[in-house]
Amino acid sequence: ELILIGFAASFAAKLADTFGSEIGKIYGRNTFLISSLRRVPPGTEGAISPAGTLATILGSLLMTISMTSLSIIPATPNVFLVVLFSGFIATLCESVIGAVIQHRFDWLTNELVNSLQTSISALIAICLSIIIV
């Protein structure tokens, strides 16, 4: 069950990231660097916006609903919230990595940062499940 919760959380993080990035680029008029909260142009690595942040939550929510509907994770409130929360928090962590670390290393590509994000989400979900569920 823990592996499936981690699996679901990794997918929740990926959809959250996709929603946040794409919707944030289109509707995110006011974008801020997550590490300093100073204004930056839309599309900047590590930038967040209110619209993108709401879209991130929506993406994580939709994937969590899908995973519950498909019976990949148990349909309990605690598991649902763990997966939803993990997907959202890991996406914020990805923004921090993009803002603070990514530009310092040529080998730290967007693909690698995405892999880190999904792994972070799975680890958060598994740890929270051990504690909460």
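None of these values were measured; they are calculated from a predicted model. (Residues numbered from 1 in each chain as written. Predicted model: local features only at pLDDT ≥ 70, side-chain atom pairs only at ≥ 80, totals over all residues. Heavy atoms only, no water.)

(A) A look at the overall build of the protein. Each helix and strand in the protein was counted, giving 4 helices and 2 strands. Listed by position from the N terminus, the elements making up the protein come as α-β-β-α-α-α. Taking 14 Å as the expected radius of gyration for a compact globule of 133 residues, we find that the protein reaches 15 Å, a close match to that expectation. Oriented by its inertia axes, the alpha-carbon framework of the protein measures out at about 40 × 30 × 20 Å. Going through the 133 residues of the protein one by one, you find that 38% of them count as buried. Of the contacts made within the protein by residues no fewer than 6 positions apart, 66% connect residues no fewer than 24 positions apart. Total accessible area on the protein stands at roughly 7200 Å², and carbon and sulfur atoms take up 70% of it. (Helix = DSSP H or I, 4+ residues; strand = E, 2+ residues; numbered from the N terminus. Rg over C-alpha atoms; globule rule 2.2 N^0.38 Å. Buried < 20%, exposed > 50% of the residue type's maximum accessible area, 1.4 Å probe, protein only. Contact = heavy atoms within 4.5 Å. Areas by Shrake-Rupley, 256 points an atom, 1.4 Å probe, with all protein chains shown as cover.)

(B) A look at the environment of Arg39. Along the chain, Arg39 falls in the loop between β1 (32-33) and β2 (47-48). Put simply, Arg39 and Ser49 are 10 residues apart on the chain and 9.7 Å apart in space, counted from C-alpha to C-alpha. Setting aside residues no more than four positions away along its own chain, Arg39 makes contact with Arg29, Asn30, Thr31 and Phe32.

(C) Representation of the layout of surface pockets. Size it by volume and the largest pocket reaches roughly 530 Å³. Along the wall of the largest pocket there are 27 residues; nearest its centre are Asp17, Ser21, Thr44, Ala47 and Ser95. Breaking the lining of the largest pocket down by element, the ones donating at least two residues are α1 (2-27), β2, α2 (50-69), α3 (77-100) and α4 (110-132). Top contributing element to the lining of the largest pocket by residue count: α1, with 6 residues. (1 Å grid on protein atoms, 1.4 Å probe; cavity = no way out; pocket = protein on both sides within 12 Å on 5 of 7 lines; lining within 4 Å. Points joined across faces, edges and corners; volume = space filled by probe spheres on them.)

(D) Main features of the pattern of salt bridges. Within this structure, the stated rule accounts for 1 salt bridge. One salt bridge connects Lys14 with Asp17, and the closest N-O pair in it is separated by 2.7 Å. Within this pair, Lys14 and its partner Asp17 are both found in helix α1, separated by 3 residues, close to a single helical turn. A relative accessible area of 25% means that Lys14 is categorised as partly exposed. (Salt bridge = Lys/Arg side-chain N within 4 Å of Asp/Glu carboxyl O.)

(E) The nonpolar core, seen in detail. Within the largest apolar cluster, 11 residues are counted, these being Ile5, Ala8, Ala9, Ala12, Met63, Met67, Ile73, Val79, Val82, Val83 and Ala125. Elements supplying a minimum of two residues to this core: α1, α2 and α3. For this core, the element with the highest residue contribution is α1, accounting for 4 residues. Not counting residues up to four positions away in its chain, the partners in contact with Val79 are Ile5, Ile73, Pro74 and Val133. (Core = buried A, V, L, I, M, F, W, Y, C linked by side-chain atoms within 4.5 Å.)

(F) Geometry of the side chain of Thr68. Within the fold, Thr68 resides in helix α2. Excluding anything up to four places from it in sequence, Thr68 contacts Ile73, Ala75 and Phe80.

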